[in-house]
Amino acid sequence: MKKIIALIIFLFLLTGCSWQAKPEKNAKTIIEDRSDIKVAINYPEFHYSILDNAIDKEVQNIYKTFKNEYQNMNSYNNIAELNVDYHHEVLNDRYINVILTSFINQSNLAHPSNTIKTFSYDKKANRMLRLSDVISQPELDKLVPLFQKKLLTKYKDCILMDKLKQTITNHFENYQNFTFNDDDLILYFNPYDITAGYCNIIKINISLDQINLKLPFERGTNSDHQVTK
């Protein structure tokens, strides 16, 4: 179990974020400690069915995929470990942003697997948000060169140019993982999205001063701010 705790801390460092430790009253957990697999999953329940169902579906998919691939390997030298955790932020007492992170390690893997999945939810409208709900198509057209510049500047040693050109375009479906806060729009990309597999989760921040938002969002009124920079 000490190893699991250490891996969770390692995951936080890999994502490049600093988080305040704040236990959630409505967190759910899945724990397994077997000879072939070790599992430590922590995820939230907000009592908004659309959001909770989306998160639960993702967690169960991660968990089942991991077990199907790694359980019953019958070797103590091949123990596989899965860690899933989350952080969230509430803005304007209306928008909930959730970041779900997962980490898989096993001796046969060339590199540990780090992945991220984000969820943005509008409590007032009772709907999940896509990036197209946050910015308009003309705004995305304008921002694509800025996205590319930020990525190449920050991750020049990791970026695969062919994947960058295929992914960082003006198509909203290429930006599934995003959050926003009082200062920035944040985009996330998993390993292999635009980089080689040895790279970790990719993250870029775009100042809201450079963006025209479609959302009715009043900056400076965060009601539950858990992210520190």
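Worth saying up front: this structure is predicted, and the values here are computed from it rather than measured.

Rules of the game
Residues numbered from 1 in each chain as written. Predicted model: local features only at pLDDT ≥ 70, side-chain atom pairs only at ≥ 80, totals over all residues. Heavy atoms only, no water. Helix = DSSP H or I, 4+ residues; strand = E, 2+ residues; numbered from the N terminus. Buried < 20%, exposed > 50% of the residue type's maximum accessible area, 1.4 Å probe, protein only. Expected span 1.5 Å × (residues − 1). Bend = angle between axes of the 7 residues up to and from the residue. Contact = heavy atoms within 4.5 Å. Polar contact = N/O pair within 3.5 Å; in protein donor to acceptor, adjacent residues only side chain to side chain. Core = buried A, V, L, I, M, F, W, Y, C linked by side-chain atoms within 4.5 Å. Phe/Tyr/Trp six-rings, centres within 6.5 Å; stacked < 30°, edge-to-face > 60°. Pairing = 2+ DSSP bridges. Axes fitted to C-alpha atoms, helices over the stretch in contact; angles between N-to-C directions.

**Student:** Teacher, can you tell me more about the overall build of the protein here?
**Tutor:** When its secondary structure is counted, the protein shows five helices and twelve strands. Looking at the protein residue by residue over its 229 residues, the buried ones come to 50%.

**Student:** Sorry, what's going on with helix 4 (residues 137-154) here?
**Tutor:** Turn by turn, an α-helix covers 3.6 residues, leaving residues three or four places apart pointing in a common direction. If you check helix 4, its first and last C-alpha atoms are 25 Å apart, about what 18 residues at 1.5 Å a residue would give, namely 26 Å. In helix 4, a bend of some 40 degrees at Leu 143 exceeds every other bend along the element, and Pro 145, a proline, comes one to four places later. Listed as buried for helix 4 are Glu 139, Leu 140, Leu 143, Val 144, Leu 146, Phe 147 and Leu 151.

**Student:** It is not clear to me how the environment of Asp 193 should be interpreted in this structure. Could you clarify?
**Tutor:** The topology assignment puts Asp 193 in the loop between strand 9 (184-189) and strand 10 (202-207). By relative accessible area, Asp 193 is classed as partly exposed at 34%. In the structure, Asp 193 is positioned 30 residues away from Lys 163 in sequence and 7.1 Å away in space, judged by C-alpha atoms. Setting aside anything within four residues of it in sequence, one finds Asp 193 in contact with Lys 163 and Thr 167. A distance of 2.7 Å separates a polar side-chain atom of Asp 193 from the backbone nitrogen of Asn 190.

**Student:** Which parts of the structure should I look at to understand the nonpolar core?
**Tutor:** Inside soluble globular proteins, nonpolar side chains tend to come together where they are buried. Phe 147, Leu 151, Ile 168, Tyr 175 and Phe 180 are the most contacted members of the largest nonpolar core, which totals 33 residues. A per-element tally of this core places helix 4 first, with six residues. Other than its neighbours up to four places away in sequence, Phe 180 contacts Glu 89, Leu 91, Tyr 95, Asn 97, Ser 120, Leu 129, Val 134, Leu 185, Leu 215 and Phe 217. In this structure, Tyr 43, Phe 46, Val 98 and Phe 119 belong to the second largest nonpolar core, which totals 24 residues.

**Student:** Explain the packing of aromatic side chains to me, please; I cannot follow it from the model alone.
**Tutor:** The description of two aromatic rings rests on the distance between their centres and on the angle between their planes. If you walk through the whole model with that rule in mind, you get seven aromatic pairs. When the ring of Tyr 48 is compared with that of Tyr 121, the centres are 5.4 Å apart and the planes differ by 40 degrees; the resulting orientation is tilted. Here the residue Tyr 48 occupies a position in the loop between strand 3 (37-44) and helix 2 (49-70), and Tyr 121 occupies one in strand 6 (residues 113-122), the gap between them amounting to 73 residues. Tyr 121 gets classed as buried once you look at its relative accessible area, which sits at 1%.

**Student:** Honestly, the pairing of strand 3 in this entry has me stumped. Any pointers?
**Tutor:** Walk down a regular strand and you will see the side chains alternate between the two sheet faces. Burial of strand 3 is extensive: seven of the eight residues sit out of reach of the surface. Looking at chain direction, strand 2 (residues 27-33) and strand 3 are connected through seven bridges and run antiparallel. For Thr 29, the partnering residue across the bridge sits in strand 3 and is Asn 42. Between strand 2 and strand 3, which follow one another and run antiparallel, lie three residues. Pairing of strand 3 with strand 4 (residues 80-91) involves five bridges; the strand directions are parallel. Looking at the pairing, Ile 41 lines up with Val 84 of strand 4.

**Student:** I would appreciate a short explanation of the pairing of strand 4 in the present structure.
**Tutor:** Here strand 4 lies mainly inside the structure; twelve of its twelve residues are buried. Where burial is concerned, the two faces of strand 4 agree: the one with Ala 80, Leu 82, Val 84, Tyr 86, His 88 and Val 90 and the one with Glu 81, Asn 83, Asp 85, His 87, Glu 89 and Leu 91 are both buried. The hairpin turn running from strand 4 into strand 5 (residues 95-105), its antiparallel successor, is three residues long, and Asn 92 in that turn takes a positive phi close to 55 degrees.

**Student:** Even after reading the chapter, I still don't get the sheet that holds strand 9, so can you show me in this structure?
**Tutor:** Two orientations exist for strands paired in a sheet by backbone hydrogen bonds: parallel and antiparallel. The antiparallel open sheet is built from three strands, whose spatial order is 8-9-10. Of all the strands in the sheet, just strand 8 (178-180) and strand 10 have a single pairing partner and so form its edges. Strand-to-strand twist across the sheet, computed as the mean angle between neighbouring axes with direction ignored, equals 20 degrees. Pairing of strand 9 with strand 10 involves six bridges; the strand directions are antiparallel.

The values reported here are purely geometric and, on their own, carry no functional implication.
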